[in-house]
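# Geometric and topological summary
Now for the letters of each chain:
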Amino acid sequence: MAELLKLENVSCRAGDRKILDGVSFTIREGEIFGLLGPNGAGKSTTMKIVAGLLEQSAGAIYMGEENLWLGSHVRRQIAMVPQEPAVLHDLTVRENLDYFASQIGAPEGKVAEAIMQLELDRYAERPAKFLSGGYRQLLNIAIGLLQSPRILFLDEPSVGLDPVTRSRLWDKVLEIRQKGTSICISTHYMEEAQALCDRVCLMNDGRVVALDTPENLIKAFAKAQLTIFTLKQEPETETIELLRKKIPDAEAGVSGTNVILRFSQKNPEAVEKARTIFLLADTEVLKIRNREADLEQVFINLTGKELKGN
Ligand code: ADP
Ligand code: MG
């Protein structure tokens, strides 16, 4: 697949804080590319920089051969659907689309096409403020499509949607790609990345942690068993040392009040052993979870952090 959009060492600062630190990736023509990471990873900042809403402090972005400086006409080939929607609440669906179409000088027929493509016809005359969250999101995407982008950026489009609405949104995303538009979607739901994306870029603390197909990431970075103990308080160093001694086939990591045990082979007895060690150390265990080999596990293994926090 041909390369479409390329970020090279993009960094972004806010005061003396680095929000993005040397982010590089390439989105290919026709793919659904995922930015997966917890809140604060830098997903929205990355998208805003690509869309030209924010300027990077270092690095470059290329669309094909073209260097995307702020104001470059090539940016019209990129549409961005922000996390906080820009719809006008008192206008109907159709009026919103007419308004945004006139703003960007979209050709005649584009509004009707967008309404059809996102199956908004039943709601076309409804004021945006009376739409459900799912349909408001579809309206947002319809607005993004008005400019006939080569690539559509969707910033966490399914936050707050119920599972049925979410899967309808996924169908639409797949359809849009089918029609030839490449997509970059950000999310902190690993199911979403796994269900939709051809390739996933894992982000944490403003950096790219890993990038590959979901299958390859799981193959490379997931373990046969991963058990997370959530404790009432942070564990004593001696307790962790004891865990490492008594359960030698586990890699034990600590992240705040979470203790994470990783095993190359399944080891169900180890969970009981660890529970006893915590009990003897007077450390209350609030929760024990086992994670299957999935992208969440990949993320935990690479960062020691969970995607959704606790
Ligand atoms: P994500 O979309 O992955 O949740 P963001 O890109 O929104 O992450 O933010 C990344 C980090 O940068 C966060 O810690 C956020 O608080 C911080 N941040 C974002 N915008 C600004 C800003 N304008 N000034 C200071 N900090 C910011
Ligand atoms: Mg965000």
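Residues numbered from 1 in each chain as written. Chains lettered and ligands numbered in written order. Predicted model: local features only at pLDDT ≥ 70, side-chain atom pairs only at ≥ 80, totals over all residues. Heavy atoms only, no water.

### Here's the deal with the overall build of the chain
Of the regular secondary structure elements, the chain holds 10 helices and 14 strands. Based on the C-alpha atoms only, the size of the chain along its principal axes is roughly 70 × 40 × 40 Å. Relative to its full complement of 310 residues, the chain shows a buried share of 49%. Within the chain, residue pairs in contact and separated by at least 24 positions form 70% of the contacts whose partners lie at least 6 positions apart. By element, 48% of the accessible surface of the chain is carried by carbon and sulfur atoms, the whole surface being about 15,100 Å². Here the chain holds 38 positive side-chain charges and 43 negative ones, and the gap between their average locations is 2 Å. (Helix = DSSP H or I, 4+ residues; strand = E, 2+ residues; numbered from the N terminus. Buried < 20%, exposed > 50% of the residue type's maximum accessible area, 1.4 Å probe, protein only. Contact = heavy atoms within 4.5 Å. Areas by Shrake-Rupley, 256 points an atom, 1.4 Å probe, with all protein chains shown as cover. Lys, Arg positive; Asp, Glu negative; His and termini not counted. Charge placed at Lys NZ, Arg CZ, Asp CG, Glu CD.)

### Observations concerning the site of ligand 1
Neighbouring ligand 1 are the residues Ala14, Arg17, Ile19, Pro38, Asn39, Gly40, Ala41, Gly42, Lys43, Ser44 and Thr45. Within the side chain of Arg17, an N or O atom sits 2.9 Å from an oxygen atom of ligand 1. Here an oxygen atom of ligand 1 and a backbone polar atom of Gly42 are 2.9 Å apart. Across the complex, the protein chains shield 58% of the 570 Å² of accessible surface that ligand 1 would expose by itself. Mapped by element, the contributors of at least two residues to the shell around ligand 1 are strand 2 (17-28) and helix 1 (43-51). (Near = heavy atom within 4 Å. Polar contact = N/O pair within 3.5 Å; in protein donor to acceptor, adjacent residues only side chain to side chain.)

### Quick look at the pairing of strand 4 (residues 58-63)
Bridge count for strand 1 (residues 3-14) against strand 4 is five bridges, and the pairing is antiparallel. The partner of Leu5 across the bridge, within strand 4, is Met63. Across two bridges, the pairing between strand 4 and strand 5 (residues 66-67) is antiparallel. Among the inter-strand pairings, Met63 is bridged to a residue of strand 5, identified as Glu66. Remark: two residues form the turn of the hairpin made by strand 4 and strand 5, two consecutive strands paired antiparallel; Gly64 in that turn has positive phi of roughly 60 degrees. (Pairing = 2+ DSSP bridges.)

### Quick notes on the pattern of salt bridges
Summed over all chains, the structure comprises 18 salt bridges. Measuring nitrogen to oxygen at the nearest pair gives 3.4 Å for the salt bridge that ties Glu29 to Arg150. Residue Glu29 is located in the loop between strand 2 and strand 3 (32-36), and its partner Arg150 is located in the loop between helix 4 (133-145) and strand 7 (151-155); the two are separated by 121 residues in the primary sequence. The exposure class of Glu29 is partly exposed, given its relative accessible area of 30%. One network of salt bridges, in which partners are shared, links Lys18, Asp21 and Arg207. (Salt bridge = Lys/Arg side-chain N within 4 Å of Asp/Glu carboxyl O.)

### Focus on the sheet that holds strand 8 (residues 182-187)
The strand order 6-7-8-3-9-10 describes an open sheet built from six strands, whose pairing is mixed. Two strands bound the open sheet, and with one partner strand each, they are strand 6 (78-81) and strand 10 (207-212). Going across the sheet, the axis of each strand differs from the next one's by a mean of 15 degrees, ignoring polarity. The pairing of strand 7 with strand 8 spans five bridges and is classified as parallel. Bridged to Asp155 within strand 8 is Ser186. (Axes fitted to C-alpha atoms, helices over the stretch in contact; angles between N-to-C directions.)

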